[in-house]
Every structure is written in structure tokens, then in C-alpha cells.
Amino acid sequence: MIERLENNTDIIVAAHRGLKSDYPENTLLAFQKALESEVDMLEFDLRLSKDGVVMVIHDETLERTTNGSGQVSDYTCAELKQLDAGAWFGPVFEGLKIPTFEELCRLIAAYPDVLLNVEIKPSPHAKEAADKAVAMLEAYDYLPRCVFTCFDAEIIAYIYDTYQLKTQGFPAELMSNFVNGPDGTYSKMWAAGISMKLLTPMIVKDFLNMGIKPWCYCPDIDQQVYYALGCGAFLMTCNNPRPAMRIRGQIK
């Protein structure tokens, strides 16, 4: 399924951590609302709990998006499930929880056409997180829908070399453990995520010349969407997908 993005010239809209403009990021509610809005792809972040459960949470620490504190990896899944992951965004969202990856997989089952951008967060346990994520995605028969993302080039190489799966990296200056050369990191990347700060027609052209798909994040207003299109970046990972989806509807 992910192969449908080969040589794509249509606008493809991915929801960044779910519909995070309106709901607490990386919660089942944010993902459900993104799916209901008919985005093409979900992007989400994975890291391990202390007892090795794959959890859906962006930060290494708990303070920003929960009422907990400290490292995610210092808490078991059961302990993480006691935390509130919604009230920080607004009182109406109090009671939302950090999802396990399996909970998200179950939610996605009702949306068989949605693609998945699976970001493995850099950590000492990132390879184990990748292994467990791949195993779960295979069990749910979701692997054909997936691209795997990481800011750690070593993890990109690991996923590519071990599983022959499609990966999204980033411009070299944004990645740790980047390897230069013809057999280096870029040779293992199917796509590159380019921030709006770095996005130019030239960087898009450079990635295209390497055979790497130039994607971008996060064009959240009309002007940014039109700029991304002008640069040649057609897959857009958005905090607010509405402008990109509306413009796509106008262009068709």
C-alpha cells in the first residue's frame, strides 16, 4: 500500500501525532478525530516503558504532555496508564491516557486504507522498540501500510538492513549517527522529512536526484501549503491538516 506514494504528484496529508491542533497529541482521541477527518496517513511516536511495552508518546520525559514527571522509561506500562495525558491541553480532556501501541493498532483496524508513519524515538532501547513495533504491525498485517521514521540514522539503517522496510530520515544535519558516502544513511532512506524552515526548491531537487522522496512538515496554514507545493513537496505532515486538505479539494 505504501507503494502508492511512488511517483506521487497528489497532495498526501498526514496527521502529525493525530489531530494535535484540536486534541491532546498522541492520544486515541486525537487519532480517532484524525481518522474521521479522512487524512491519508497517521504519524505517531513510539518508545518503550520500563517493562518493555511499546507506548505512544513523543517526549522522553512526561512533564509536557502528562501530569507525571521523569523519564517514560522509568515507569511500567501500568504506572504510565495511571497518568493523565489530556488535562494539559484543556480541562475537557482530563482522563485521557497514554495509549499502548496495541491500542492504536486496534483503533486503526477500522480504517484499512490509512497509511502509517511509525516514528521510533531515539533512545538506548530504540532497536528493541523497533523490533517490537515491527512484530506487532506484522501480526496486524499493517506492514505494507508503513514507513518507519527516526532522527537517529543508526535506527534507520537497522530497520532498513534488518527488515528491508521503507524508511524516512531527515536532512543530514538533523540526524544523529549520520553516515556519509554512497552506502551511507541516504542510501537507506526512501523518503526525507524536511521542516518548513529548511524547505526550498533546491533541497527538494537534491533529494529527488538521490531517489529520495521529499516530504515536509508542518505546513499548517494556506501560505505554507502553497509554498510546499511550489517547492515540489507533496506529502505533508500537518499539525492542522485542514488547510492542506481544503487546498487539495480545490486543486482536484
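Computed from a prediction, not measured in an experiment: that's the story for all the values here. (Residues numbered from 1 in each chain as written. Predicted model: local features only at pLDDT ≥ 70, side-chain atom pairs only at ≥ 80, totals over all residues. Heavy atoms only, no water.)

Enquirer: Pulling in residues and values, what's your account of helix α1 (residues 28–36)?
Expert: Buried residues of α1: Ala30, Phe31, Gln32, Ala34 and Leu35, and no others. Close packing links the buried residues of α1 with β1 (12–16), β2 (41–48), β3 (54–56) and α3 (101–108). Two residues or fewer past α1, Glu38 is found with a positive phi of approximately 70 degrees. (Buried < 20%, exposed > 50% of the residue type's maximum accessible area, 1.4 Å probe, protein only. Helix = DSSP H or I, 4+ residues; strand = E, 2+ residues; numbered from the N terminus. Contact = heavy atoms within 4.5 Å.)

Enquirer: Summarise the layout of surface pockets; cite the residues concerned and give the values.
Expert: Within this model, the largest pocket holds a volume of roughly 260 Å³. Contributing to the lining of the largest pocket are 14 residues, with Asn7, Asn8, Leu208, Lys213 and Pro214 lying nearest its centre. Counting residues per element, the lining of the largest pocket draws most heavily on strand β8 (residues 213–217), which supplies 3 residues. For the lining of the largest pocket, the residue count by class is 8 nonpolar, 4 polar and 2 charged. By volume, the second largest pocket is sized at about 220 Å³. For the second largest pocket, the lining is made up of 18 residues, of which His16, Glu119, Phe151, Phe170 and Tyr217 are closest to its centre. In terms of residue count, the dominant contributor to the lining of the second largest pocket is β8 (3 residues). Its residues placed into classes, the lining of the second largest pocket shows 6 nonpolar, 7 polar and 5 charged. (1 Å grid on protein atoms, 1.4 Å probe; cavity = no way out; pocket = protein on both sides within 12 Å on 5 of 7 lines; lining within 4 Å. Points joined across faces, edges and corners; volume = space filled by probe spheres on them. Nonpolar A, V, L, I, M, F, W, Y, C, P; charged D, E, K, R; others polar.)

Enquirer: Would you mind going over empty space enclosed by the protein in detail, with residue names and values included?
Expert: Per the counting criterion, the structure on display carries 1 cavity of 30 Å³ or more. In this structure, the largest cavity occupies an estimated 70 Å³ of space. Taken together, Glu25, Asn26, Val56, Ile57, His58, Thr65, Thr66, Ala85, Trp88, Ile98 and Pro99 make up the lining of the largest cavity. Looking at the lining of the largest cavity residue by residue, the class counts come to 6 nonpolar, 4 polar and 1 charged.

Enquirer: Residues and numbers for the pattern of salt bridges, please.
Expert: Following the criterion strictly, the structure yields 17 salt bridges and no others. Among the ionic pairs, Lys213 bridges to Glu6, the shortest N-O distance being 3.0 Å. Within this pair, whereas Lys213 is found in strand β8, its partner Glu6 is found in the segment before β1, the two being separated by 207 residues in sequence. The network of salt bridges with common partners includes Arg17, Lys20, Glu25, Asp45, Asp59, Arg64, Glu119 and Lys121. (Salt bridge = Lys/Arg side-chain N within 4 Å of Asp/Glu carboxyl O.)

Enquirer: Residues and numbers for unusual backbone geometry, please.
Expert: The omega angle of the peptide bond from Tyr217 to Cys218 is -15 degrees, so this bond is cis rather than trans. Inspection of the secondary structure puts Cys218 in the loop between β8 and α7 (222–231). For Glu38, which is not a glycine, the phi torsion comes out positive at approximately 70 degrees. For Glu38, the location among the structural elements is in the loop between α1 and β2. Of note, Asn177 is a non-glycine position whose phi angle comes to about 60 degrees, a positive value. Note on placement: Asn177 falls in the loop between β6 (167–169) and β7 (191–195).

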